[in-house]
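Reading the structure
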Amino acid sequence: MKIFHTADWHLGKLVQGVYMTEDQRHILQQFITAIDEEQPDVIIIAGDLYDRSLPPVDAVNLLDETLAEIVLKRKVPVVSIAGNHDSPTRLQFGSKLMKESGLHIVGELNSNLQPIVINDEFGEVHFHLIPFAEPSTVKHIFSDNSISTYDEAMKKVIDAIEEKMDKSKRHVLIGHAFVTPHGEKEDNTSDSERPLAIGGSECVRADYFKPFHYTALGHLHKAHYVLNETIRYSGSPLKYSASEANHEKGFLVIDLDKDGQAQITKRKFIPRRDLRIIEGALSEILKHDESEDYVFVRLTDITPVVGAMEQIRTVYPNAMHVERKALPKLDKDENGEAVRREQLDDLSLFHAFHKEIVGTEPTDLQRQLFEEVLQELLTEDREVKEVVTK
């Protein structure tokens, strides 16, 4: 079975005030061309189809047009889940009707956990769709008060899947989570993806996915595998922040043989405009060849520059941001390592702020209270956006 794995489309995305819809349309047209050329048996979209729970009309129309081209015109089934940016109820709407056409979207997690079964010449492949869900949601669904972290929530869901799993079949899991090799805290791959939790409590152990022949993940924007080659992030199809400037964007092609062995290759997208970082003195930048690319400019001029953006846009009309490259103010992270202040996570930033203002490190109680309040804010932000859509 040939599978295309993509994720994190973020339709309706704004980057520095610029709607990326036409750039996304350009990429999705390439994706459809690849479908025509390679004739996949199924398409996976592993969450964050939209950038927000209430997407703009143009984004909704683009998704509708794209899925119609794939499912209705080309008769290629699509299996997809909600990510943390999506509205579960909006994506889930009409799913029973769409299922008959080959569009399988799971927005809200439930205890049923029945796989989508798609056949090839070797028999059945079971696709297990696990949409993004808060630990509190999983705790409620399974009536398990011991669940408090994303790691515990994912383990509970996978344990429930394994209880019903037919080991004689091939199995593919589709999830949207922050998966690391051993559940340890790691840096996000992109500044454009907001955290799910704080202090590493959003991280999920990769070895939970070993029962599956392939795990298609969404959430992190850089394409990479975790722990082994069959647990994969496809990454986002476009660069959505300066932190992604060095990413190679595309999608993954998985050839699943009769025994469930997966051969994985990557296909690259060619963007309408690249997104890159340019560094140098203004006088040198103004000598560059004119380019339509999206650029983030770091000026090395020692003296202030008047009207820098206006001048830069004579060469780079789609310049998104300009800043002076100043000597970085260094702080220490939780491990005592010196890092730039803008690279600190919320908890380390709180430590640095407290040390600078009060003169001492925060106490364990202050740290605990800060973590609790910040986690409540993160959770409430998602819940409020979901209530607005209902």
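Look up: the structure comes first, before these words.
In this report, we go over the structure that sits alongside the text.

Conventions adopted
- Every chain begins its residue count from 1, and numbering advances along the sequence as written.
- Since the coordinates come from a predicted model, pLDDT governs what is reported: local features require at least 70, and pairs of side-chain atoms require 80 or more to be given and counted, while whole-chain, interface and lining totals use all residues.
- Note: side-chain values were computed over all heavy atoms of the structure, leaving out hydrogens and water.
- The term salt bridge refers to a side-chain nitrogen of Lys or Arg lying within 4 Å of a carboxyl oxygen of Asp or Glu.
- Counting from the N terminus, the helices are DSSP H or I runs at least four residues long and the strands are E runs at least two residues long.
- Residue burial is assigned from relative accessible area. The probe radius is 1.4 Å, only protein chains are included, and a residue is buried under 20% of its type maximum, exposed over 50%, and partly exposed in between.
- A patch consists of residues whose relative accessible area exceeds 30% and which take part in no salt bridge; residues with like charges are grouped when within 9 Å of each other, and nonpolar side chains (Val, Leu, Ile, Met, Phe, Trp, Tyr) when within 5 Å.
- Per-residue and other accessible areas were derived by the Shrake-Rupley procedure at a 1.4 Å probe size, with only the shown protein chains allowed to occlude residues.
- Remark: nonpolar core denotes a set of buried residues (Ala, Val, Leu, Ile, Met, Phe, Trp, Tyr, Cys) joined through side-chain atoms within 4.5 Å.
- Note: domain ranges come from an automatic or database domain assignment.
- Here a residue-residue contact requires only that any non-hydrogen atoms of the pair lie within 4.5 Å.
- In this scheme, strands are said to pair when DSSP sees at least two bridges between them.
- Polar contacts here mean pairs of N or O atoms no more than 3.5 Å apart (in protein, one a potential hydrogen donor and the other a potential acceptor; neighbouring residues in sequence count only if both atoms are side-chain atoms).

**Topic: the pattern of salt bridges**
Taken as a whole, this structure holds 22 salt bridges when the rule is applied. In this structure, Arg-170 and Asp-120 form a salt bridge, with 2.7 Å as the shortest nitrogen-oxygen distance. Taken together, the residues span a long stretch of sequence, with Arg-170 in strand E9 (residues 170–176) and Asp-120 in strand E7 (residues 116–120) at a distance of 50 residues. Judged on exposure class, the residue Arg-170 and its partner Asp-120 are both buried. What emerges from the salt-bridge pattern is a single network uniting Asp-36, Glu-69, Lys-73 and Arg-74.

**Comments concerning a nonpolar patch on the surface**
A surface patch of nonpolar side chains, amounting to about 330 Å² of accessible area, comprises Phe-353, Ile-357 and Val-358. Of note, Phe-353 is situated in helix H9 (residues 346–358). Judged by relative accessible area, Phe-353 falls into the exposed class, the value being 54%.

**Regarding the nonpolar core**
Grouped together as the largest cluster of nonpolar side chains are 37 residues, with contacts concentrated most on Phe-4, Leu-11, Phe-31, Ile-43, Ile-70 and Val-78. Contributions of two or more residues to this core are made by helix H1 (21–38), strand E4 (42–45), helix H2 (57–73), strand E6 (103–106), strand E15 (250–256) and strand E18 (294–299). Counting only domains with at least three residues in this core, you end up with domain 1 (2–268) and domain 2 (275–324). If sequence neighbours within four positions are ignored, Val-78 has contacts with Ile-43, Ile-45, Leu-67, Ile-70, Val-71, Gly-102, Leu-103 and His-104. Formed by 31 residues, the second largest nonpolar core is a distinct cluster that contains Ala-153, Ala-177, Phe-178 and Ala-206.

**Considering the pairing of E9**
Look at any regular strand and the pattern is simple: side chains alternate between the two faces of the sheet. When you tally the buried positions in E9, you get seven out of seven residues, the bulk of the element. Burial along E9 is two-sided: the face carrying Arg-170, Val-172, Ile-174 and His-176 and the face carrying His-171, Leu-173 and Gly-175 are both buried. In terms of strand pairing, strand E8 (residues 123–130) meets E9 through six bridges, oriented parallel. Looking at the pairing, Ile-130 lines up with Gly-175 of E9. Pairing analysis gives five bridges linking E9 to strand E12 (residues 214–218), with the strands arranged parallel.

**Thoughts on the side chain of Lys-239**
Assignment of secondary structure puts Lys-239 in the loop between strand E14 (228–233) and E15. A residue is classified by how much of its surface remains accessible, and Lys-239, at 15% relative accessible area, is buried. Of note is the side chain of Lys-239, whose polar atom sits 2.8 Å from the side chain of Asp-274. For Lys-239, the side chain forms a polar contact with the main-chain oxygen of Leu-275, separated by 3.4 Å.

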